[in-house]
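# A look at the structure
What follows is the residue order along each chain.
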Amino acid sequence: MKIILLKILILSILSVSCSKKVRLFKEDLYRYATGKDERVEFVLGSTFEGKLSTCENYVGDCINVFGVKLGMIYFQAVEFQTEEGAQNAAKKYRGYFYRNWFFDDVSGEPALEELMVKLEAKKP
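All residue numbers refer to positions counted from 1 along the written sequence of the respective chain. In keeping with the predicted nature of the model, local features appear solely for residues at pLDDT of at least 70, side-chain atom pairs appear and are counted solely at 80 or more, and the whole-chain, interface and lining totals rest on all residues. Excluded from the side-chain calculations are hydrogens and water; all other atoms, namely the structure's heavy atoms, are used.

In globular proteins that are soluble, nonpolar side chains generally tend to be buried together. Side-chain atoms within 4.5 Å are what join buried Ala, Val, Leu, Ile, Met, Phe, Trp, Tyr and Cys residues into a set we call a nonpolar core. Each residue is placed in one exposure class: buried if its accessible area under a 1.4 Å probe, protein chains only, is under 20% of its type's maximum, exposed if it is over 50%, and partly exposed if it falls in between. The biggest cluster of nonpolar side chains holds 20 residues, and the ones touching the most others in it are Phe-75, Trp-101, Phe-103, Val-106, Leu-115 and Met-116. It only takes one pair of heavy atoms within 4.5 Å for two residues to be counted as in contact. Excluding residues within four positions of it along the chain, Phe-75 makes contact with Phe-48, Phe-66, Gly-67, Val-68, Leu-70, Phe-103, Asp-104, Asp-105, Val-106, Leu-112, Leu-115 and Met-116. Counting residues in each nonpolar core, the second largest holds 10 residues, with Tyr-58, Ala-86, Phe-97 and Phe-102 among its members.

To continue, consider helix α3 (residues 83–93). To qualify as a helix, a DSSP run of H or I must reach at least 4 residues; to qualify as a strand, a run of E must reach at least 2; elements of each kind are numbered from the N terminus. Listing the buried residues of α3 in full gives Gly-85, Ala-86, Ala-89 and Ala-90. Projected down its long axis, α3 shows its buried positions confined to an angular sector of 135°, all on one face. Where α3 is buried, its residues contact β3 (73–80), β4 (96–98) and β5 (101–104). Of the residues trailing α3, Arg-94 is marked for its positive phi of about 55°. Here, the arc refers to the directions that run from the helix axis to the C-beta atoms.

Simply put, the disulfide is a covalent bond whose two ends are the sulfur atoms of two cysteines. Here, two cysteine sulfur atoms that lie within 2.5 Å of each other are counted as a disulfide. A complete count under the given rule lists 1 disulfide for this structure. Here Cys-55 engages in a disulfide with Cys-62; their sulfurs sit 2.0 Å apart. Judged by the sign of its S-S torsion, about -65°, the bond between Cys-55 and Cys-62 is left-handed. Classification of Cys-62 as buried rests on a relative accessible area of 17%.

Once that is clear, we can look at unusual backbone geometry. Residues other than glycine seldom take positive phi values, yet Arg-94 does so here, at roughly 55°. Secondary-structure assignment places Arg-94 in the loop between α3 and β4. According to the relative accessible area criterion, Arg-94 is exposed, its value standing at 65%. In this model, Glu-120 sits at a positive phi of 60°, which is unusual for a non-glycine residue. The residue Glu-120 is located in the segment after α4 (110–118) in this model.

Structure below.
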């Protein structure tokens, strides 16, 4: 009886942990991105070239918008609660997404599109 209960417990833990998509936080994305290209920097809104958007500008479950710089080129990384939210934003705004992150102002800029390939970001 104990063996059966142990097997059921292990199977339930494995099925829950494998099916849940893990959300990336800003620090996780920063470590991942700088591991792929050391020129990536998160910048403060006051030093962002142009106007940094807010969550009001995006559909879905947006949490925050961050300015990102690659060399001398700026773009925006938008954090969403879910991967579906980021994917929906990527569809609507014709951008890239990686897990629960949407990258805006990237399309048409070869250096940024190359970074998206390195990050394994997708374009829906």
